Amino acid sequence: MAFESLTDRLQGAMSKLRRKGKVSEADVKEMMREIRLALLEADVNFKVVKDFTKRVSDRAVGVEVLESLSPAQQIVKIVDEELTATLGTETVPLNKSPKIPTIIMMSGLQGAGKTTIVGKLAKHLMKTENARPLLIAGDVYRPAAIEQLKVLGQQIDAPVFDMGTDVSPVEIVRQGLAQAAENKNDYVFIDTAGRLHIDEALMDELKQIKELANPDETLLVVDGMTGQDAVTVAESFNEQLDISGVIVTKLDGDTRGGAALSIRAVTGKPIKFVGTGEKLTDLEVFHPDRMSSRILGMGDMLTLIEKAEAEFDEKKATELATKMKENTFDFNDFIEQLDQVMGMGPIEDLLKMIPGMSNMPGLDQIKVDPKDVARKKAIVFSMTPEERENPGLLNPSRRRRIAAGSGNQVVEVNRMIKQFNESRKMMQQMSNGKMPAGMDQMFG
Ligand code: GDP
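Residues numbered from 1 in each chain as written. Predicted model: local features only at pLDDT ≥ 70, side-chain atom pairs only at ≥ 80, totals over all residues.

A few points about the nonpolar core
Soluble globular proteins: nonpolar side chains tend toward being buried together. In terms of nonpolar packing, the biggest core is built from 84 residues, with Leu135, Ile136, Val188, Phe189, Val222 and Val248 touching the most fellow members. Looking at this core, you find at least three residues from each of domain 1 (4-87) and domain 2 (102-306). Not counting chain neighbours up to four residues away, the residues in contact with Val248 comprise Val222, Gly224, Ala259, Ala260, Ile263, Ile271 and Val274. (Core = buried A, V, L, I, M, F, W, Y, C linked by C-beta atoms within 7 Å. Buried ≥ 20, exposed ≤ 12 C-beta atoms within 10 Å, placed from the backbone. Domains from an automatic or database assignment. Contact = placed C-beta atoms within 7 Å.)

The following block contains the structure:
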C-alpha cells in the first residue's frame, strides 16, 4: 500500500506530542520539521510542503487547551484538516452531460494506465449507474493498445469502436461518436495515444480530438510511481489541454504517494479517482478527507465498507446470513467466501483501513499465504459434493481419502476441518446476537 513510510514518519512526529500536557512553540517547530522531512521524502512537491507546513504551524502554535481534546489531539486534527485541504477538500464527481452521451476523453503519457482506466471506469459506471458505454480506440500508434481495449471491452461486456491503425485518430473519434449517437450509448470513452515524453505532435493531436469531441471530461491519467515527474506532466497537460480532472494510478505497491499529494495544489484540478492495482476492480473514488485519514494512519472505514459492498452481492449476503444462523454454512460457501475475500486485495491493506490498526505491531506479519489458500481449496475440491454440503459426514476414512486426493497429510485435513467447524460455531453464535466465547473479553 502506498504511503506506508510516510504514515510511519508522520505518526512518529505527532506521537511525541501525545505525552505532553502542554505544547510549546518549540515542540510544534520540532514536529513541523519532522513532518516537512517526511513529506519531502515521500516526494511531495516542495512548494506544496512549504505551504502546508506554514498553514499547520500558524494554526498549531496558538492551540488553546480545550476540555474535550488534548493539545496533541488538536494538532492531529489540524494536520488532518490541512492535509484534506491540500488534497482538495471536496470529493469531485465525474462531470455529466445533461443529454447523452457524456463524453470522457483520456490523456496521459504512454504506460500511465489510460487504457486500463477506461476499462475500470466503464465497469464502475456499468455497475453503479447501469451505464451503456462505448469505448473508442483512438491510440493508432500501438496496435497492441487497440487489442488491449478490445480485450477489456470483452471482459466487461462493453462495445469497442475501432478502425484499425490506418485512419487518423480524429476521424476515428468522429465516426465513433456518430455510432454512439446511433446506438444511444450514455457514455463514450475516448482512449488516446500516449508518448514516452510530452511532445508537440501529441499535444496537437489531443487538442484536435478535444475540439472535435467537446468532451464533458478531459481526464489526465498519471503514473503515481513517478513522483515529481507526474506533477510536471500534470502541469504541462493542464496548460496545453485544460484538463478537467486527474486520475493517479499505481497507488499500490510501495508508491511513496508524493504525486497524489501534490497534483491538486499544483494544478488546481481535482483528483477524481485513483488506481490501486492491475485488476479491473482496483479503482477507488478519491475522497480527500478519507485519503488524509488513511495517510495519517487513522483508518478509512468507509472505503473498506465500500470495497466489501462492491465485492459482495446482496442476495448472496442474505443467503449467507441465513446459513450462518441455521448452521448450514458448508464447504461450498467456505470456498466462495475465500475467493471473495481474496478478491478484495491483500488482507494487511484491508486491516490498515480500520482506525488504529495501521500502527499495530506485527501487522506486517499478517499475510495470507496464497499457498495456504490453495491447499485449503485443494482439500475442499477433493471432497465429494455430499461431503461439501454435509461436513458431518467426514469420518476418518473419508479424511484419509481426501488427504491422499489433495496431496496433504491427514493432520492437515483434520486441522482445516477443525478450523472450519470452529468458525462455523462462531458465526452461528454471532448471527444469533451472542458474542462468541472469549471475544467479549477482547472488547470489554
Ligand atoms: P496506457 O499506455 O496509458 O494505456 O497504459 P496501460 O493501461 O496499458 O497500463 C500500463 C501498465 O500499467 C499495464 O501493465 C497495467 O496493467 C499497469 N497498470 C495500470 N494501472 C495500474 C495500477 O493502478 N496499479 C498497477 N500496479 N498497475 C497498473
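Now that the structure has been shown, the text picks up again.
Observations regarding the confidence of the model for the protein chain
On average, the protein chain scores 86 in pLDDT, and the residues at 70 or more come to 88%. The low-confidence segment residues 438-444, where pLDDT is below 50, has 1 contact with residues more than four positions distant or belonging to other chains. With pTM at 0.75, the complex prediction returns an ipTM value of 0.99. (pLDDT = per-residue confidence, 0-100.)

Considerations on the sheet that holds strand β4 (residues 187-192)
Pairing within the open sheet is mixed, and its 8 strands lie in the order β3-β2-β4-β1-β5-β6-β7-β8. Edge positions in the sheet fall to β3 (160-161) and β8 (283-285), since each has one partner strand and no second. In this structure, strand β2 (residues 133-138) lies alongside β3, joined through 2 bridges in parallel fashion. Each residue of the ladder has a partner; that of Leu135, found in β3, is Val160. On the sheet, helix α5 (residues 114-129) packs against β1 (102-107), β2, β4, β5 (217-223), β6 (245-249), β7 (271-275) and β8 and is oriented at approximately 170 degrees with respect to β4. (Pairing = 2+ DSSP bridges. Helix = DSSP H or I, 4+ residues; strand = E, 2+ residues; numbered from the N terminus. Axes fitted to C-alpha atoms, helices over the stretch in contact; angles between N-to-C directions.)

Examining the site of the ligand
Near the ligand you find 20 residues, and of these Gly113, Lys114, Thr115, Thr116 and Gly275 are the closest. Here the shell around the ligand gets 3 residues from one element, more than from any other, and that element is α5. Considered class by class, the residues forming the shell around the ligand number 2 nonpolar, 13 polar and 5 charged. (Near = placed C-beta within 6 Å. Nonpolar A, V, L, I, M, F, W, Y, C, P; charged D, E, K, R; others polar.)

Concerning the pairing of β6
Summarising burial for β6: 5 of the 5 residues are buried, a large majority. Of the two faces of β6, the one lined by Gly245, Ile247 and Thr249 and the one lined by Val246 and Val248 are each fully buried. Pairing of β5 with β6 involves 5 bridges; the strand directions are parallel. Note on β6: the bridge partner recorded for Leu219 is Gly245. Crossover handedness for the path β5 to helix α9 (residues 228-241) to β6: right-handed. Where β6 and β7 come together, 3 bridges link them in parallel fashion. Across the sheet, Val246 pairs through a bridge with Ile271, a residue of β7. (Right-handed = clockwise from strand over helix to strand, strands pointing away.)

Some thoughts on the pairing of β1
Counting buried positions along β1 gives 6 out of 6 residues, so the element sits mostly inside the fold. On β1, burial covers both faces: Thr102, Ile104 and Met106 on one face and Ile103, Met105 and Ser107 on the other are all buried. Bridge count between β1 and β5: 4 bridges; the pairing is parallel. The residue bridging Met105 from the neighbouring strand is Thr218, located in β5.

As for the environment of Pro159
Note on placement: Pro159 falls in the loop between α6 (143-156) and β3. When the C-alpha atoms of Pro159 and Arg132 are compared, they prove to be 8.8 Å apart, with 27 residues separating the residues in sequence. Not counting residues within four places of it along the chain, the set of residues in contact with Pro159 comprises Leu134 and Gly153.

Structural notes on the UniProt feature "domain: SRP54-type proteins GTP-binding" (unreviewed entry) in the protein chain
Within this numbering scheme, the UniProt entry marks residues 270-283 as carrying the feature "domain: SRP54-type proteins GTP-binding" (unreviewed entry). Measuring from the first to the last C-alpha atom of residues 270-283 gives 16 Å, for a span that is 0% helix and 43% strand. (UniProt positions renumbered as here; feature names shortened; annotations may be inferred.)

Things to note about helix α2 (residues 25-41)
If you check α2, its first and last C-alpha atoms are 24 Å apart, about what 17 residues at 1.5 Å a residue would give, namely 24 Å. Within α2 the residues assigned to the buried category are Val28, Met31, Met32, Ile35, Ala38 and Leu39. Looking straight down α2, one finds its buried side chains confined to an arc of 125 degrees; they lie on one side. Exposed residues pointing more than 90 degrees away from the buried face of α2 are listed as Ala26 and Arg33. Residues of α2 that are buried sit in contact with α1 (4-18) and α3 (46-61). After α2 finishes, the residue Asp43 shows a positive phi value of roughly 75 degrees. (Expected span 1.5 Å × (residues − 1). Arc of directions from axis to C-beta.)

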